[in-house]
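Here's the letter readout for the chains.
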Amino acid sequence: MIDGLERNRQVKEYICALFCAEDNDLEFARENSKKEGLKEIQVPANVGKMLYLLTKMQNPKKVLEIGTLGGYSTLWIAKALSKEAKIITLEIGEKQADQAKKHFENTSFSEQIEVRVGNALTTLPEMLYKNEGPFDLIFIDADKENYPTYLDHALALSRPGTLILSDNLIPKRGPIAVPDATDIEAIAIYEFNEKMQKHPRLDSTLLTTIVGDKGRIDGLGIALVK
Ligand code: SAH
Ligand code: DHB
Ligand code: MG
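The sections below set out a description of the structure shown in this document. Bear in mind the structure is a predicted one, so any value in this text is a computation, not a measurement.

### Focus on the side chain of Thr123
Part 1: Looking at the secondary structure, you find Thr123 in helix α6 (residues 120–129).
Part 2: With residues near it in sequence (within four places) discarded, Thr123 still touches Leu90, Val117 and Gly118.

### A short note on the packing of helix α1 (residues 4–19) against helix α3 (residues 45–58)
Part 1: Remark: α1 packs on α3, axes separated minimally by 9 Å, with the N-to-C direction vectors making an angle of 50°. The angle between α1 and α3 falls in the class oblique. Along this stretch, α1 crosses α3, giving a crossing that reads as left-handed. For the pair formed by α1 and α3, the contact residues are Lys12, Ile15, Cys16 and Phe19 on the first element and Ala45, Asn46 and Lys49 on the second.
Part 2: For the contact of α1 with α3, the class distribution of residues is four nonpolar, one polar and two charged.

### Some thoughts on the site of ligand 2
Part 1: What surrounds ligand 2 is the set Ile41, Asp141, Lys144, Asp167, Asn168 and Lys172.
Part 2: One of the backbone N or O atoms of Ile41 is found 3.2 Å from an oxygen atom in ligand 2.
Part 3: Note that an oxygen atom of ligand 2 is positioned 3.1 Å from one of the side-chain N or O atoms of Asp167.
Part 4: When isolated, ligand 2 has an accessible area of 300 Å², and the protein chains bury 72% of it.
Part 5: For the shell around ligand 2, a count of residues per class yields one nonpolar, one polar and four charged.

### So, the pattern of salt bridges
Part 1: As enumerated under the stated definition, the model contains eleven salt bridges in all.
Part 2: A salt bridge links Glu13 to Arg9; the nearest nitrogen and oxygen atoms lie 4.0 Å apart. With a gap of four residues between them, Glu13 and Arg9 both fall in helix α1, about one helical turn apart.
Part 3: As a salt-bridge pair, Asp141 and Lys144 come within 3.4 Å of each other at their nearest N and O atoms.
Part 4: Classification of Lys144 by relative accessible area gives buried; the value is 15%.
Part 5: Connected through shared salt-bridge partners, Glu6, Arg9 and Glu13 make up one network.

### Looking at the coordination of the magnesium ion (ligand 3)
Part 1: With distances of 2.0 to 2.1 Å, the protein atoms coordinating the magnesium ion (ligand 3) are Asp141 (OD), Asp167 (OD) and Asn168 (OD1).
Part 2: Of note, the donors binding the magnesium ion (ligand 3) are all from one chain and are spaced D-x25-D-N.
Part 3: A residue is classified by how much of its surface remains accessible, and Asp167, at 4% relative accessible area, is buried.
Part 4: Residue class for Asn168 comes out partly exposed when judged on its relative accessible area of 22%.

### Here's the deal with unusual backbone geometry
Part 1: Looking along the chain, the bond that leaves Gly133 and enters Pro134 is cis, with omega of -5°.
Part 2: With respect to the helices, strands and loops of the structure, Pro134 is situated in the loop between α6 and β4 (137–140).
Part 3: The phi dihedral of Leu69 is positive, around 55°, even though this residue is not glycine.
Part 4: Judged by relative accessible area, which is 16%, Leu69 ranks as buried.

### Overview of the pairing of β4
Part 1: The side-chain alternation of β4 yields two buried faces, one formed by Leu137 and Phe139 and the other by Ile138 and Ile140.
Part 2: Here four bridges tie strand β1 (residues 62–66) to β4, and the two strands are oriented parallel to one another. By the bridge assignment, Ile66 is partnered in β4 with Ile140.
Part 3: Sheet topology note: the β4/strand β5 (residues 163–166) ladder contains four bridges and is parallel. For Ile138, the partnering residue across the bridge sits in β5 and is Ile164.

Conventions adopted
- Per chain, residues are indexed from 1 in the order of the written sequence.
- Whichever chain is written first becomes A and whichever ligand is written first becomes 1, with later ones labelled in order.
- Reporting of local features is limited, given that this is a predicted model, to residues whose pLDDT is at least 70; pairs of side-chain atoms are given and counted only at 80 or more, and all residues count toward the totals for whole chains, interfaces and linings.
- The side-chain quantities take in all heavy atoms of the structure and omit both hydrogens and water.
- Each helix is a run of DSSP H or I of at least 4 residues and each strand a run of E of at least 2, with the numbering of both proceeding from the N terminus.
- We call two residues contacting when some pair of their heavy atoms lies within 4.5 Å.
- Interaxial angles span 0 to 180 degrees and are taken between N-to-C directions of axes, which are lines fitted to C-alpha atoms, for helices over the stretch in contact.
- Any angle from 65 to 115 degrees is called roughly perpendicular, while one under 35 is roughly parallel, one over 145 is roughly antiparallel, and all others are oblique.
- Rotating anticlockwise by less than a right angle from the far helix to the near helix defines a left-handed crossing, while the corresponding clockwise rotation defines a right-handed one.
- Only Asp, Glu, Lys and Arg are considered charged in this grouping, and only Ala, Val, Leu, Ile, Met, Phe, Trp, Tyr, Cys and Pro are considered nonpolar; every other residue, Gly among them, is considered polar.
- Think of it this way: one heavy atom of a residue within 4 Å of a molecule or strand is enough to make that residue near it.
- Counted as a polar contact is a pair of N or O atoms within 3.5 Å, where, for protein atoms, one must be capable of donating a hydrogen and the other of accepting one, and residues adjacent in sequence contribute only when both atoms are in side chains.
- With residues, only the protein chains shown are counted as cover, and all accessible areas are computed by Shrake-Rupley using a 1.4 Å probe.
- Think of a salt bridge as a Lys or Arg side-chain nitrogen and an Asp or Glu carboxyl oxygen that are within 4 Å of each other.
- Here the term buried applies to any residue with accessible area under 20% of the maximum for its type, exposed to any over 50%, and partly exposed to those in between, with areas from a 1.4 Å probe on protein chains only.
- For Na, K and Ca the donor cut-off is 3.2 Å; for every other metal, N, O and S atoms count as donors within 2.8 Å. Water does not enter the count, which can leave sites looking incomplete.
- Here, strands pair whenever DSSP counts at least two bridges between them.

This is the structure we're talking about:
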């Protein structure tokens, strides 16, 4: 009998092969990111396709992404946008931001994407101060330690009906819901999940996803602002 993880891996392969074909823009972004030495921590194609469909359903005019990397998830979202929609994506690393811009450059929606370089802990309050909200869709996918803070900023930049999506809501290791005292990322993620659940302005759940090449279960947070 095959074990659970191997079966999960096969399910992920099956879903990706059947539903999640990449176009040339996505393939170039993923392959060139790897070639340029960026960490291979972009969303898997099965999660990318989910972001694409959720974006289509939301039909946002203004999208905010926290954590660009090479722009792979940005492209999945951008593919689902109407022509008048815009996406601002926040990235702390110059190298990541430069690569992402290169991956957007020759796409048909390059004019719709703005990469903003800086620490999101600074750029988010600036956006609030400059009244750049509200956004219709927000995707949180940066440093896990700051997820609880990003949720506050996301809410401040939201309106009733905003969809807040968040990647990686099941930590990679350790006991579920009761993180080790030394695992600051897991502590922040479980705190984030409880905060998302308890928040009076949110209706939320975790959609389980299969990630990585071993078939690990992760969670995509789906929260609708009331
Ligand atoms: N959304 C991307 C993956 C993002 S990985 C995709 O799926 O394709 C997380 C990214 O967040 C990294 O590129 C990292 O440099 C960036 N990051 C980490 N801390 C940050 C911060 N404080 N502000 C902005 N970006 C940050
Ligand atoms: C990792 C994966 C992610 O999706 C992310 O946003 C950050 C880190 C990881 O596998 O380390
Ligand atoms: Mg992620």
